[in-house]
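Residue-level structure breakdown
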Amino acid sequence: MNDIQRVGSDNTLARIAAVIESRKPGNGGDPASSYVAKLFDKGLDSILKKIGEEATETVMAAKDGDPQKLLYEVADLWFHSIIALSHFGLKPEQVLAELARREGLSGLQEFAQRSKAQEEEPND
Ligand SMILES: N=c1c2ncn([C@@H]3O[C@H](COP(=O)(O)OP(=O)(O)OP(=O)(O)O)[C@@H](O)[C@H]3O)c2ncn1[C@@H]1O[C@H](COP(=O)(O)O)[C@@H](O)[C@H]1O
């Protein structure tokens, strides 16, 4: 197993989510010593602002054709997304479960099913 396979399979997301959870104000997070606690302290708008920034930086890294920068920015984006999930009491495992549920279902097929369901919805 190489380094990338090892890191990808050792539950890194769940461990980071557990640390993030421990930084919540009610769990003893200290904004003076923790970046995550400070962000929770600032509130949801600040968390969402970071996601917007990291998403923009992700796009810019890709447009610049800089793969290393792209990796860093996607890591920042995932990290701040996990903080947003935590704000709503959600865990990365639930996102992984949703992706697993979609496995094998073509995006085009899923879109067609969704469009058909919307067409069949009774009008208000
Ligand atoms: N994975 C991360 C991680 N990724 C990015 N960051 C921080 O997220 C911020 C990203 O913001 P920017 O790139 O915009 O940099 P910045 O200009 O310093 O940020 P702002 O002042 O604009 O908010 C930086 O301060 C990074 O240090 C992270 N901070 C923490 N973690 C993980 O979270 C854990 C808990 O961290 P603390 O809560 O600080 O103990 C750590 O042990 C790590 O595992």
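What you see as residue numbers is a count from 1 along each chain, following the sequence as written. In keeping with the predicted nature of the model, local features appear solely for residues at pLDDT of at least 70, side-chain atom pairs appear and are counted solely at 80 or more, and the whole-chain, interface and lining totals rest on all residues. Only hydrogens and water are set aside when side-chain values are computed; all heavy atoms of the structure are taken into account.

If you look the protein up in an unreviewed UniProt entry, it shows as Phosphoribosyl-ATP pyrophosphatase from Roseateles albus. Its UniProt record gives the protein the following Subcellular location (unreviewed entry) comment, quoted word for word: "Cytoplasm". UniProt positions are given in the numbering used here, feature names are shortened, and annotations may be inferred rather than shown by experiment.

Secondary structure elements are defined from DSSP: runs of H or I of at least 4 residues count as helices, runs of E of at least 2 residues count as strands, and each element is numbered from the N terminus. When its secondary structure is counted, the protein shows seven helices and zero strands. Ordered by position from the N terminus, the helices and strands of the protein form the series α-α-α-α-α-α-α. Its C-alpha radius of gyration of 18 Å places the protein more than 25% over the 14 Å reference for a compact globule of 124 residues. The principal-axis extents of the C-alpha atoms in the protein amount to approximately 55 × 45 × 30 Å. Summary of the burial criterion: residues with accessible area below 20% of their type's maximum are buried, those above 50% are exposed, and those between are partly exposed, where the area comes from a 1.4 Å probe applied to protein chains only. In the protein, which comprises 124 residues, the share counted as buried stands at 19%. Throughout, a residue-residue contact means that at least one pair of heavy atoms, one from each residue, lies within 4.5 Å. The long-range fraction of contacts in the protein, counting pairs at least 24 apart against all pairs at least 6 apart in sequence, stands at 47%. Residue exposure ignores everything except the shown protein chains as possible cover, and the areas themselves are Shrake-Rupley values with a 1.4 Å probe. Per element, the accessible surface of the protein, about 9200 Å² overall, is 58% carbon and sulfur. In this tally Asp and Glu are treated as negative and Lys and Arg as positive; neither His nor the chain ends contributes. Charge positions come from single atoms, namely NZ of Lys, CZ of Arg, CG of Asp or CD of Glu. Considering the protein, the positive charge centre built from 15 side chains and the negative charge centre built from 21 side chains are found 4 Å apart. We take the radius of gyration over the C-alpha atoms and set the globule estimate at 2.2 Å times the residue count to the 0.38 power.

Salt-bridge detection follows one rule: a side-chain nitrogen of Lys or Arg within 4 Å of a carboxyl oxygen of Asp or Glu. On inspection of all chains with the given rule, the structure shows nine salt bridges. Residue K50 is joined to E54 by a salt bridge in which the shortest nitrogen-to-oxygen separation is 3.9 Å. Of this pair, K50 and E54 both sit in helix α4 (residues 44-63), separated by four residues, roughly a single helical turn. Residues K69 and E73 are paired through a salt bridge, measuring 2.6 Å at the closest nitrogen-oxygen approach. In this pair, K69 and E73 both sit in helix α5 (residues 67-87), four residues apart, roughly one turn of the helix. For E73, a relative accessible area of 6% gives the class buried. One connected set of salt bridges, linked through shared partners, spans K49, K50, E53 and E54.

Now for helix α7 (residues 107-120). To estimate how far a helix should extend, the number of its residues minus one is multiplied by 1.5 Å. Compared with an ideal rise of 1.5 Å per residue, which puts 14 residues at 20 Å, α7 spans 20 Å between its outermost C-alpha atoms and is within 8% of the ideal. The N-capping residue of α7, defined by a side-chain oxygen 3.0 Å from the backbone nitrogen of L108, is S106. Definition of a polar contact: a pair of N or O atoms within 3.5 Å, with one able to donate and the other able to accept a hydrogen when the atoms are protein atoms, and with sequence-neighbouring residues admitted only if both atoms are side-chain atoms.

Another aspect to go through is the layout of surface pockets. Size it by volume and the second largest pocket reaches roughly 200 Å³. Buried and open spaces are told apart on a 1 Å grid over the protein atoms alone, a cavity being a set of points where a 1.4 Å probe fits but cannot get out and a pocket being an open set with protein on both sides within 12 Å along at least five of seven lines. Residues with an atom within 4 Å of a point are the lining residues. Along the walls of the second largest pocket sit L13, W78, S81, I82, L85, P92, V95, L96 and L99, which together make up its complete lining. Here the nonpolar group is Ala, Val, Leu, Ile, Met, Phe, Trp, Tyr, Cys and Pro; Asp, Glu, Lys and Arg are the charged ones; every other residue, Gly included, is treated as polar. Partitioned by chemical class, the residues of the lining of the second largest pocket number eight nonpolar, one polar and no charged. Grid points are joined across faces, edges and corners, and a volume is the space filled by probe spheres set on the points.

Turning our eyes to something else, we now look at the site of the ligand. Nearness here has a simple test: a residue counts as near a molecule or strand if at least one of its heavy atoms is within 4 Å of that partner. V19, R23, S34, Y35, V36, K50, E54, D76, F79 and H80 make up every residue found near the ligand. Separating an oxygen atom of the ligand from a side-chain N or O atom of R23 is a distance of 2.8 Å. Contact distances for the ligand include 2.5 Å between an oxygen atom and a side-chain N or O atom of S34. Elements with a minimum of two residues in the shell around the ligand: α3 (35-42), α4 and α5. For the shell around the ligand, the leading source of residues is α5, giving three residues. Per-class residue counts for the shell around the ligand are four nonpolar, two polar and four charged.

Note: pLDDT gives the predictor's confidence per residue, expressed from 0 to 100. Averaged over every residue, the pLDDT of the protein is 91; the share at 70 or more is 90%. Confidence estimates for the predicted assembly give a pTM of 0.87 and an ipTM of 0.91.

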